[in-house]
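What follows is each chain in one-letter form.
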Amino acid sequence: MDANVLIRGITFPRYPYEVLHLAAQHKITLVISPSVLIDARRYLSTLFPDHVPKLDALLSTAAVEIVEDPTREEVLAHRNLVRDIKDVPVVLAAANAKVDYLVSTDTDLTDLDASTEALRQILAPGKVVRVGVFLNQVMGWSHEALTTISRRRWDDLDGGAWAR
């Protein structure tokens, strides 16, 4: 996953949270590179410092695999892989780890247009998915369940972030 999903899952109890919760239940394994983890931690520490303990709780509870970041040379060699060069390390780490899916909220990765054509050569079509698509098409969640989650607040959960 990319940092966006990790950040949103920690800060809002909606679709990205559900992906993290599946990992906390060991139903899926989160594959994260060190740079994604550093970016997420930095962002949370700066803008949502009260949520950093949730990240730590997730990492101590969930099925998480930390994979290597690509080298600077690899990133530069693939700088045209997607619109934003900042996303290249995420894509290369996912490809090198042979992930089943790269789950993202970033349209620079999920748009199906010319800007992601090279990405789809590295990660097969259908392997880069938005969070809702992952929950619906891969995990089999209904549209009704997803609609309910799309409006949820932390107060709607029993027992806190990873206790359900």
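Residues numbered from 1 in each chain as written. Predicted model: local features only at pLDDT ≥ 70, side-chain atom pairs only at ≥ 80, totals over all residues. Heavy atoms only, no water.

Student: Break down the side chain of Arg-152 for me, with residues and values.
Tutor: Checked against the element boundaries, Arg-152 lands in the segment after α10 (143-149). Only 2.7 Å separates the side chain of Arg-152 from the backbone oxygen of Pro-13, close enough to count as a polar contact. (Helix = DSSP H or I, 4+ residues; strand = E, 2+ residues; numbered from the N terminus. Polar contact = N/O pair within 3.5 Å; in protein donor to acceptor, adjacent residues only side chain to side chain.)

Student: Would you mind going over the packing of aromatic side chains in detail, with residue names and values included?
Tutor: A full pass over the atoms with the stated rule returns four aromatic pairs. Seen in terms of ring centroids, Phe-12 and Phe-48 are 6.4 Å apart; in terms of plane orientation they differ by 80°. Their pairing is edge-to-face. Residue Phe-12 is located in the loop between α1 (3-11) and α2 (15-24), and its partner Phe-48 is located in the loop between α3 (34-47) and α4 (52-61); the two are separated by 36 residues in the primary sequence. The partly exposed category is assigned to Phe-48, whose relative accessible area is 26%. The cationic tip of Lys-54 hangs over the ring face of Trp-154; the distance from NZ or CZ to the ring centre is 3.7 Å. When the ring centre of Tyr-101 is taken as origin, the NZ or CZ atom of Lys-127, which lies over that ring, is 4.9 Å away. (Phe/Tyr/Trp six-rings, centres within 6.5 Å; stacked < 30°, edge-to-face > 60°. Buried < 20%, exposed > 50% of the residue type's maximum accessible area, 1.4 Å probe, protein only. Lys NZ or Arg CZ within 6 Å of the ring centre and 35° of its normal.)

Student: Run through the environment of Met-139, naming residues and quoting values.
Tutor: With respect to the secondary-structure elements, Met-139 resides in the loop between α9 (131-138) and α10. Look at Met-139 and you get partly exposed, because its relative accessible area is 28%. Sequence-wise, Met-139 and Lys-27 are 112 residues apart; in three dimensions their C-alpha atoms are separated by 9.8 Å. If near-sequence neighbours (up to four positions away) are discounted, Met-139 is found in contact with Leu-22, Ile-28 and Phe-134. (Contact = heavy atoms within 4.5 Å.)

Student: An account of the pattern of salt bridges is requested, with residue identities and associated values reported.
Tutor: Counting across every chain of the model gives seven salt bridges. Among the salt bridges present, the one from Arg-41 reaches Asp-56, with a minimum N-O distance of 2.9 Å. With Arg-41 in helix α3 and Asp-56 in helix α4, the pair connects residues that are 15 residues apart, well separated along the chain. For Arg-41, a relative accessible area of 30% corresponds to the partly exposed category. The partly exposed category is assigned to Asp-56, whose relative accessible area is 36%. Among the charged side chains, a network of salt bridges with common partners joins Arg-83, Asp-108, Asp-111 and Asp-113. (Salt bridge = Lys/Arg side-chain N within 4 Å of Asp/Glu carboxyl O.)

Student: Break down helix α6 (residues 88-97) for me, with residues and values.
Tutor: A large share of α6 lies buried, amounting to eight of its ten residues. Looking only at α6, the buried set comprises Val-88, Pro-89, Val-90, Val-91, Leu-92, Ala-93, Ala-94 and Ala-95. Looking at the buried residues of α6, the elements they touch are α3, α5 (72-77), β3 (102-104), α7 (107-110) and α8 (117-122). Of the residues one or two after α6, Lys-98 is the one with positive phi, at around 55°.

Student: Give me the lowdown on the nonpolar core, citing residues and values where you can.
Tutor: Among the nonpolar cores identified, the biggest contains 48 residues, and Leu-6 and Leu-30 are the most heavily contacted of them. With seven residues, the top contributor of residues to this core is α6. The contacts of Leu-6, once residues within four sequence positions are left out, are Met-1, Leu-20, Ile-32, Leu-37, Ala-40, Leu-55 and Leu-58. (Core = buried A, V, L, I, M, F, W, Y, C linked by side-chain atoms within 4.5 Å.)

Student: Outline the side chain of Glu-18, supporting the account with residue identities and numerical values.
Tutor: Following the sequence through the fold, Glu-18 ends up in helix α2. At 2.4 Å, the side chain of Glu-18 forms a polar contact with the side chain of Arg-152.

Student: Please provide a residue-by-residue account of the packing of α2 against α9, values included.
Tutor: Contact geometry for α2 and α9: axes closest at 8 Å, N-to-C directions at 55°. Between α2 and α9, the crossing angle belongs to the class labelled oblique. Seen from above, α2 lies across α9 with left-handed handedness. Contact residues: α2 offers Tyr-15, Pro-16, Glu-18, Val-19 and Leu-22, while α9 offers Val-131, Gly-132, Phe-134 and Leu-135. (Axes fitted to C-alpha atoms, helices over the stretch in contact; angles between N-to-C directions. Parallel < 35°, antiparallel > 145°, perpendicular 65-115°, else oblique. Left-handed = near helix turned anticlockwise from the far one by under 90°.)

Remember that the coordinates give geometry; whether it matters functionally is a separate question.
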